[in-house]
Amino acid sequence: FPVTILERMKKYSEAIPLAKKGYELSYGDNKIRMATLLVRLYSTVPDKVSAKKIVDEVNNQIKPEAKLQIRTHRYLKKLQDVWSKL
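Residues numbered from 1 in each chain as written. Predicted model: local features only at pLDDT ≥ 70, side-chain atom pairs only at ≥ 80, totals over all residues. Heavy atoms only, no water.

S.K.: Talk me through unusual backbone geometry; I want residue IDs and the actual numbers.
M.R.: For lysine 10, which is not glycine, the phi dihedral falls at a positive 65°. One can find lysine 10 in the loop between helix 1 (2-8) and helix 2 (12-25). For lysine 10, a relative accessible area of 60% translates into the label exposed. (Helix = DSSP H or I, 4+ residues; strand = E, 2+ residues; numbered from the N terminus. Buried < 20%, exposed > 50% of the residue type's maximum accessible area, 1.4 Å probe, protein only.)

Here it is, written out as structure tokens:
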């Protein structure tokens, strides 16, 4: 995945547009994972406003049933963890 390679190479400004495109085109759990990556990238620039917008979008769009034990909850928690470190 080119975005993660760019992230490892610390080429954050190149990775952000690719991650944004991936976020826009994804859905479900993959959207949460792309949001987590994007927020992590935003933390390197730092762009807290854009990161907050992504976190809010995901939280408003994706609301799995609390009683179900599915990976979506794990992905949402990871997104919140990345956001809290920003």
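Back to the write-up after that little detour.
S.K.: Could you give an account of the packing of aromatic side chains, naming the residues involved and the relevant values?
M.R.: Aromatic rings in a pair are described by how distant their centres are and how their planes are angled relative to each other. Applying the stated criterion across every chain, the model contains 0 aromatic pairs. Geometry around tryptophan 83 places lysine 48 over its ring, the cationic atom sitting 5.9 Å from the centre. When the ring centre of tyrosine 75 is taken as reference, the NZ or CZ atom of arginine 74 above it lies at 6.0 Å. (Phe/Tyr/Trp six-rings, centres within 6.5 Å; stacked < 30°, edge-to-face > 60°. Lys NZ or Arg CZ within 6 Å of the ring centre and 35° of its normal.)

S.K.: I'd like a description of the layout of surface pockets, backed by residues and values.
M.R.: Here the idea is plain: a probe the size of a water molecule rolls over the atoms and shows the empty space left. Approximately 260 Å³ is the volume found for the largest pocket. When residues of the lining of the largest pocket are traced back to their parent elements, those giving at least two are helix 3 (28-44) and helix 5 (71-85). For the lining of the largest pocket, the leading source of residues is helix 3, giving 6 residues. (1 Å grid on protein atoms, 1.4 Å probe; cavity = no way out; pocket = protein on both sides within 12 Å on 5 of 7 lines; lining within 4 Å. Points joined across faces, edges and corners; volume = space filled by probe spheres on them.)

S.K.: Report on helix 4 (residues 48-61), specifying residues and quantitative values.
M.R.: Here helix 4 is 14 residues long and its end C-alpha atoms lie 20 Å apart, about the 20 Å a rise of 1.5 Å per residue gives. Inspection of helix 4 places Ala51, Ile54, Val55 and Val58 among the buried residues, and these make up the whole buried set. On an axial view of helix 4, the arc spanned by its buried residues comes to 95°, and they lie on one face. Turned more than 90 degrees away from the buried face of helix 4 sit Val49, Lys53, Asn60 and Gln61, all of them exposed. Considering only its buried residues, helix 4 is in contact with helix 2, helix 3 and helix 5. (Expected span 1.5 Å × (residues − 1). Arc of directions from axis to C-beta. Contact = heavy atoms within 4.5 Å.)

S.K.: Give me the pattern of salt bridges: which residues, what numbers.
M.R.: Summed over the entire model, instances satisfying the criterion amount to 4 salt bridges. Residue glutamate 7 is joined to arginine 40 by a salt bridge in which the shortest nitrogen-to-oxygen separation is 2.7 Å. Of this pair, glutamate 7 sits in helix 1 while arginine 40 sits in helix 3, placing them 33 residues apart in sequence. For arginine 40, a relative accessible area of 30% corresponds to the partly exposed category. Of the charged contacts, one joins aspartate 29 and arginine 71 as a salt bridge, the two residues approaching to 2.8 Å between their closest N and O atoms. (Salt bridge = Lys/Arg side-chain N within 4 Å of Asp/Glu carboxyl O.)

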